[in-house]
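# Structural overview
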Amino acid sequence: MKAENIRAMILEVIHQIVPDEDLSNLKGDVRIRDQIEMDSMDFLDIMMELRKRYGIKVLEEDYMKFSTLDGSVAYLEPLMKQF
């Protein structure tokens, strides 16, 4: 899966978890939680959705890499080559 597809997939998952948030202007290099209303349970729901949909288990020590969209894409890109 290419980076732009991964970004779209992440946005789709975020939208599923926090459907009332406007994601159209989300910046890739700014912390997601600084741009939209999302609490720690929402974040864990996103991690669980990635596991459910794609079988990707993100280690807890890697959660900080998901603080931005760009970081999320960079982390997931090598793991999603088969999709």
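All chains use their own residue numbering, which begins from 1 and follows the written sequence. Owing to the predicted nature of the model, reporting of local features is limited to residues with pLDDT of at least 70; listing and counting of side-chain atom pairs is limited to 80 or more, with chain, interface and lining totals taken over all residues. Only hydrogens and water are removed before side-chain values are computed, so all heavy atoms of the structure are retained for them.

### Quick look at the nonpolar core
General note: in soluble globular proteins, nonpolar side chains tend to be found buried as a group. The test is simple: Only buried Ala, Val, Leu, Ile, Met, Phe, Trp, Tyr and Cys residues count toward a nonpolar core, and they belong to the same one when joined by side-chain atoms within 4.5 Å. For the exposure calls, accessible area comes from a 1.4 Å probe over protein chains only, and a residue counts as buried if that area is under 20% of its type's maximum, exposed if over 50%, partly exposed in between. The way it works is that DSSP assigns letters per residue, a run of H or I at least four long becomes a helix, a run of E at least two long becomes a strand, and they are numbered from the N terminus.
Within the largest apolar cluster, 25 residues are counted, with the highest numbers of intra-cluster contacts made by Met 9, Ile 10, Ile 14, Ile 36, Phe 66 and Leu 76. For this core, the secondary structure elements donating two or more residues are α1 (3–17), α3 (40–54) and α4 (69–76). Top element by residues in this core is α1. It accounts for 6 residues.

### Describing α1
Going by this rule: Here, expected helix span is obtained from the residue count minus one, scaled by 1.5 Å. Throughout, the arc means the angular range of directions from the helix axis out to the C-beta atoms. Here, residues are in contact when the closest pair of their heavy atoms is within 4.5 Å.
Look at α1: 21 Å from first C-alpha to last across 15 residues, which is about the 21 Å you get at 1.5 Å a residue. Restricting attention to buried positions, one finds in α1 the residues Ile 6, Met 9, Ile 10, Val 13, Ile 14 and Ile 17. What you see down the axis of α1 is that its buried residues fit within an arc of 135°, all on one side. Where α1 is buried, its residues contact α2 (32–35), α3 and α4.

### Focus: the confidence of the model for the chain
Put simply, the rule is: What pLDDT expresses is the predictor's confidence in each residue, scored from 0 to 100.
Overall, the predicted model of the chain reaches an average pLDDT of 95, with 100% of residues at or above 70. Averaged over each element, pLDDT in the chain is lowest for α3 (94) and highest for α4 (97).

### What to know about α4
Among the residues of α4, those classed as buried are Leu 69, Ser 72, Val 73, Tyr 75 and Leu 76. What you see down the axis of α4 is that its buried residues fit within an arc of 165°, all on one side. Buried-residue contacts for α4 involve α1, α2 and α3.

### Considering the pattern of salt bridges
This is how it is decided: By convention in these notes, a salt bridge is any Lys or Arg side-chain nitrogen within 4 Å of a carboxyl oxygen on Asp or Glu.
Applying the stated criterion to the full structure yields 5 salt bridges. Of the charged contacts in the structure, one is a salt bridge between Lys 52 and Glu 49, with a shortest N-O distance of 3.4 Å. With a gap of 3 residues between them, Lys 52 and Glu 49 both fall in helix α3, about one helical turn apart. Given a relative accessible area of 64%, Lys 52 falls into the exposed group. A salt bridge links Glu 49 to Arg 53; its shortest N-O distance comes to 2.9 Å. Taken together, the residues span about one helical turn, with Glu 49 and Arg 53 both in helix α3 at a distance of 4 residues.

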